[in-house]
Amino acid sequence: QVTLVESGGATVQAGGSLRLSCLVSGRILNSYPVGWFRQAPGKEREFVAATRWGGGRIGVADSVTGRFSVGRDDSENLVYLQMTSLKPEDTAVYYCATRRETADWGVEVWQYTYWGQGTQVTVSS
């Protein structure tokens, strides 16, 4: 079994920054993909960014390119989402997700099997 726990969500003013963390427990290989998604009220869950637990190529949605990035902590099974220049439209619940399969990361919700409980990010104008 795999468990994901997100943390770091908060309320910030527009233009501010936040770092979200995703800590995984369970058997995870560096080759497995890990993605960040978000869901705003009344909207579908959408792709934000992704990489692999072991690092490598990073994918970022067009809506956050140049503002968000993904990194990993070498000391533990943790991937983070660094968010800068936050906008009110970034307000959402942010989720991390993974699958137990060596594969390139994907941008679709159905491509991930395990999900965290989410962490709320609110950006005030």
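Rules of the game
- Residue positions are counted from 1 within each chain, in the order its sequence is given.
- Predicted model: local features are reported for residues with pLDDT of at least 70 only, side-chain atom pairs are reported and counted for 80 or more only, and whole-chain, interface and lining totals are derived from all residues.
- No hydrogens and no water enter the side-chain calculation; it runs on all heavy atoms of the structure.
- Here, a disulfide means two cysteine sulfur atoms that sit within 2.5 Å of each other.
- The secondary structure listing takes helices from DSSP runs of H or I that are at least 4 residues long and strands from runs of E that are at least 2 residues long, numbered from the N terminus.
- Per-residue accessibility, obtained with a 1.4 Å probe over protein chains only, is compared with the maximum for each type, and a residue is labelled buried under 20%, exposed over 50%, and partly exposed between these values.
- For the purposes of this section, nonpolar cores are sets of buried Ala, Val, Leu, Ile, Met, Phe, Trp, Tyr and Cys residues that join through side-chain atoms within 4.5 Å.
- In what follows, a contact means two residues having at least one pair of non-hydrogen atoms within 4.5 Å.
- Any Phe, Tyr or Trp ring, taking Trp's six-membered ring, that has another such ring centre within 6.5 Å forms a pair; planes under 30 degrees apart are called stacked, those over 60 apart edge-to-face, and the others tilted.
- Placement of a charge over a ring requires the Lys NZ or Arg CZ to be within 6 Å of the ring centre, with the centre-to-atom vector within 35 degrees of the ring normal.

A. Structural view of the state of the cysteines. For the structure shown, the criterion picks out one disulfide. Two residues, Cys-22 and Cys-96, share a disulfide whose sulfurs are 2.0 Å apart. With the S-S dihedral at roughly 65 degrees, the linkage between Cys-22 and Cys-96 falls on the right-handed side. Of the two residues, Cys-22 sits in strand E3 (residues 18-25) while Cys-96 sits in strand E9 (residues 92-98), which places them 74 residues apart along the sequence. Assigned by exposure class, Cys-22 and Cys-96 land together as buried.

B. Layout of the nonpolar core. Of all hydrophobic cores here, the largest spans 34 residues; its most connected members are Trp-36, Val-48, Trp-53, Phe-68, Leu-81, Met-83 and Tyr-94. Listing elements by their share of this core, those giving two or more residues are E3, strand E4 (33-39), strand E5 (46-52), strand E7 (68-73), strand E8 (78-83), E9 and strand E11 (119-124). If we ignore the near neighbours within four places in the chain, the residues touching Phe-68 are Arg-38, Val-48, Val-60, Leu-81, Gln-82, Met-83, Thr-84, Leu-86, Asp-90 and Tyr-94.

C. Main features of the packing of aromatic side chains. In total, this model carries six aromatic pairs according to the counting rule given. Where Phe-37 meets Tyr-112, the ring centres are 5.3 Å apart and the plane angle is 75 degrees; that geometry is what we call edge-to-face. Remark: Tyr-112 occurs in the loop between E9 and strand E10 (114-115) and Phe-37 occurs in strand E4; sequence separation between them is 75 residues. Among the residues examined, Phe-37 registers a relative accessible area of 0% and is labelled buried. For the ring pair Tyr-95 and Trp-115, a centre distance of 6.4 Å and an interplane angle of 75 degrees mean the geometry is edge-to-face. With Tyr-95 in strand E9 and Trp-115 in strand E10, this pair connects stretches of sequence that are 20 residues apart. Residue class for Trp-115 comes out partly exposed when judged on its relative accessible area of 24%. Grouped by ring-pair contacts, the aromatic residues Phe-37, Phe-47, Tyr-95, Trp-105, Tyr-112 and Trp-115 constitute a single cluster. Note that Arg-19 overlies the ring of Tyr-80, its terminal NZ or CZ placed 3.8 Å from the centroid.

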